[in-house]
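# Tertiary structure, described
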Amino acid sequence: MVFKVSKRIKDIIDRDKKVMITTTREPYPFVVERGDGDFAYDIDGNKFIDFTSFIGVYNMGVNTNRQIREAIKAQVDRLSHSAFLDFHGEPPVAFAEKLLTMFPKGFGKVFFSNSGTEANEAALKLSRIFKQKRLYNIAFYGAFHGRTMGSLSLTAAKVAQKWHFGPYNNTIHVPFAYCYRCPLKLEYPSCGVACADYIVEQPLSHEVAPQEVATIFMEPVQGEGGYIVPPKEFVQKVRKIASEHGIVFVADEVQSGYMRTGKFLALDNFGVEADVYTMAKALGGGVPIGATITRTSLGDIPPGAHANTFGGNFLAIAAANASLDYVKKNQKQLESNARAMGALIMKRLNEMKEKYEIVGDVRGIGLMIGVEFVKSKKTKEFGAEEREAVVKKSFDKGLLLLGCGPSSIRLIPPVTVSKESVTKGMDAFEQAVKEVNGKR
Ligand SMILES: Cc1ncc(COP(=O)(O)O)c(C=O)c1O
């Protein structure tokens, strides 16, 4: 396919610019109309292979899951908004019971909200009550936990996201195990994951007492920050630090969870458990929902301390419930597809890394895969323009992609993606990379 911007597309984008507050639009003119499995179509009927899952939401296929659609339709005719934080209702309770079966033993409490940022806000607030008199939080450079003021205080992915809005809550940021560009200028594995020791040796020794720290927030695989996969020992050491000091370890699974890495929880890839998990994005199968899931032993909070209007909304719950039924029924197949299709993409990417100077690093678990572009393999100078050019060229060839970090692209097709779509998508991607690489 060769994409052409039609007058209709141009008009909508112009109208959008007039009335919509500026946010984060991609550098290509995609005006979406509908989706179907591995594909999305624009208003002119152009067909695209989707390697974005619409920002990690359609893990079960782009609007394709019939059970989710039917569940939403059926619920619409009964009741949509249920005022669940004030009145009682069974669907959110039943869904919470079902959701908890996906978590390790000992997880027994759920708070529903509408988004990832709210799920993290709830984790922050609940932890302050679970751990009285602990006023500080620890989060990582490169982290993205949301854009409302509490979760934004934890976020440290891009300056543009935080500029204008400080000062922030009491968060101490520490280096993440970004081994391709080690923040401590060391090499893995000889470093012994010194970046985890840094937490104890620096902030917890010179800045705050460990018993003043309520939470450590971590994305098991950093998402917006550049799809960065830390070594297992790093995550295990951080977990140990939290356990030793009674700090609540919060795993932000908003992007990495819900089968994205082949497992329901990405943290399971690292052999540790969190104390609180947060989820959103794919949880609702396309309908907004957030969830904060806590260890029963952490306790509860007093009435009125935290609530919202739409949490437990029956429509969102119906969608999430149908999606989870699908996951539970097909979990083995989803796991093996994420593993097999992920391996196929990684193989192609590793071959590309050998061939093209601008492909600096490739990394991922399951179908949570990132490619980092550089100007030169030797200098590792960020290839932001190269990344942008590859995203645009891929779009022109019928492939939807999203950037992340300073110069990376995430490859996150639906977890249900077919081999044929992966192959066609990777062919388009490689062609785009080849053309951009050749222009240098
Ligand atoms: C890891 C992570 N946490 C939180 C959020 C915020 O989610 P939302 O945009 O639904 O508020 C995101 C969004 O990209 C995310 O990737």
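As a convention, each chain's residues are numbered from 1 in the sequence order in which they are written. With pLDDT at 70 or above as the cut-off, local features in this predicted model cover only qualifying residues; side-chain atom pairs require 80 or more to be listed or tallied, and sums for whole chains, interfaces and linings still use all residues.

The subject of this paragraph is the overall build of the protein chain. For the protein chain, the helix and strand inventory stands at 13 helices and 15 strands. Burial status across the protein chain gives 50% buried among its 440 residues. Distance between backbone-placed C-beta atoms decides contact: two residues are in contact if it is within 7 Å. Partitioning the intrachain contacts of the protein chain with sequence separation of at least 6 by distance along the chain shows that 74% fall at a separation of at least 24. Secondary structure follows DSSP: runs of H or I at least 4 residues long count as helices, runs of E at least 2 residues long count as strands, and numbering of each begins at the N terminus. Whether a residue is buried, exposed or partly exposed is read from the other C-beta atoms within 10 Å of its own C-beta, which are placed from the backbone; 20 or more gives buried, 12 or fewer gives exposed, and intermediate counts give partly exposed.

Our next topic: the site of the ligand. Each residue gets a C-beta atom placed from its backbone. Should that atom fall within 6 Å of a molecule or strand, the residue is termed near it. Not every one of the 14 residues close to the ligand is listed here, only the nearest: Ser 115, Gly 116, Thr 117, Val 254 and Gln 255. Broken down by element, the residue count for the shell around the ligand peaks at three residues, all from helix H5 (residues 116-130). Polarity classes work like this: nonpolar for Ala, Val, Leu, Ile, Met, Phe, Trp, Tyr, Cys and Pro, charged for Asp, Glu, Lys and Arg, and polar for all others, with Gly in that last group. Among the residues forming the shell around the ligand, the class breakdown is three nonpolar, eight polar and three charged.

This paragraph deals with the pairing of strand E11 (residues 359-365). Both faces of the sheet carry side chains from a regular strand, because those side chains alternate between them. Taking burial as the measure, the seven residues of E11 include seven buried ones, the bulk of the element. Whether two strands pair depends on DSSP finding at least two bridges between them. Where E11 lies against strand E12 (residues 368-373), six bridges are found, and the strand directions are antiparallel. Note that in E12 the partner of Gly 364 across the bridge is Ile 369. In textbook terms, the turn of a hairpin is the stretch between consecutive antiparallel strands, and for E11 and E12 this stretch comprises two residues, one of which, Gly 366, has a positive phi near 55 degrees.

Ile 216, Val 250, Ala 291, Ala 319 and Leu 399 are the most contacted members of the largest nonpolar core, which totals 124 residues. There are two domains that each give this core at least three residues, and those are domain 1 (7-64 + 332-438) and domain 2 (67-328). Beyond its immediate sequence surroundings of up to four residues, Ile 216 is in contact with Ile 138, Val 238, Ala 242, Ile 247, Phe 249 and Val 250. For our purposes the nonpolar core covers buried Ala, Val, Leu, Ile, Met, Phe, Trp, Tyr and Cys residues that link as a set through C-beta atoms within 7 Å. Note that the domain bounds were set by an automatic or database domain assignment.

A word on the packing of helix H4 (residues 90-100) against helix H11 (residues 314-355). Between two packed helices, both the angle of their axes relative to each other and the distance between the axes serve to describe the pair. Interaxial angles span 0 to 180 degrees and are taken between N-to-C directions of axes, which are lines fitted to C-alpha atoms, for helices over the stretch in contact. H11 packs onto H4 with a crossing angle of 30 degrees between their chain directions and a minimal axis gap of 10 Å. It follows from the interaxial angle that H4 and H11 lie roughly parallel. You can see that H4 and H11 cross each other, and the crossing is left-handed. Residues Pro 91, Pro 92, Phe 95, Lys 98 and Leu 99 of H4 lie in contact with H11, whose contacting residues are Phe 314, Ile 317, Ala 318, Ala 320, Asn 321 and Leu 324. Roughly parallel covers angles under 35 degrees, roughly antiparallel covers those over 145, roughly perpendicular covers 65 to 115, and oblique covers all other angles. By the definition used in this description, the sense in which the near helix is turned from the far one sets the handedness, with an anticlockwise turn below a right angle giving left-handed and a clockwise turn giving right-handed.

Locating Leu 324 in the fold gives a position in helix H11. Along the sequence, Leu 324 and Ala 96 sit 228 residues apart, while their C-alpha atoms lie 11 Å from each other.

Right, let's get into the sheet that holds strand E14 (residues 402-404). In space, the four strands of this open sheet follow the order E11-E12-E15-E14, with antiparallel pairing throughout. Both outer strands of the open sheet, E11 and E14, are each paired with one neighbouring strand and no more. When the angles between neighbouring strand axes are averaged without regard to direction, this sheet yields 30 degrees. Where E14 and strand E15 (residues 408-411) come together, three bridges link them in antiparallel fashion. Residue pairing in the sheet places Gly 403 in a bridge with Ile 409 of E15. This element, helix H12 (residues 384-396), spans E12, E14 and E15 of the sheet and lies at about 35 degrees to E15.

Another aspect to go through is the environment of Val 422. Assignment of secondary structure puts Val 422 in helix H13 (residues 419-438). Val 422 sits in the buried class, given 23 other C-beta atoms within 10 Å. The sequence separation of Val 422 and Glu 372 amounts to 50 residues, and the corresponding C-alpha distance is 19 Å. Not counting residues up to four positions away in its chain, the partners in contact with Val 422 are Met 341, Leu 344, Ile 345, Pro 413 and Val 417.

Time to look at the pairing of strand E2 (residues 39-42). Across four bridges, the pairing between strand E1 (residues 32-36) and E2 is antiparallel. Bridge pairing links Arg 34 to Tyr 41 in E2. The hairpin turn running from E1 into E2, its antiparallel successor, is two residues long, and Gly 37 in that turn takes a positive phi close to 70 degrees. Pairing between E2 and strand E3 (residues 47-50): three bridges, direction antiparallel.

Okay, H11 next. Each residue after the first adds 1.5 Å to the expected span of a helix. Over its 42 residues, H11 extends only 51 Å from the first C-alpha to the last, a length that falls short of the 62 Å expected when each residue adds 1.5 Å. Along H11, the helix axis deviates most sharply at Asn 330, where the bend reaches about 80 degrees. Here the bend at a residue is taken as the angle between two axes, fitted respectively to the seven residues that end there and the seven that start there.

Moving on: the domain arrangement of the protein chain. Where the parts come together, the accessible area they lose is often given as the size of the interface. Structurally, the protein chain comprises domain 1 (7-64 + 332-438) and domain 2 (67-328). Just the C-alpha atoms count here: the centres of domain 1 and domain 2 sit 25 Å apart. Across the boundary between the two partners, domain 1 contributes 29 residues, which contact 25 residues of domain 2. Counting only elements with at least two residues in the side of domain 1 that touches domain 2, the list comes to H11, E11, E12 and E15. A per-element tally of the side of domain 1 that touches domain 2 places H11 first, with five residues. Of the residues that constitute the side of domain 1 that touches domain 2, the class distribution is 13 nonpolar, nine polar and seven charged.

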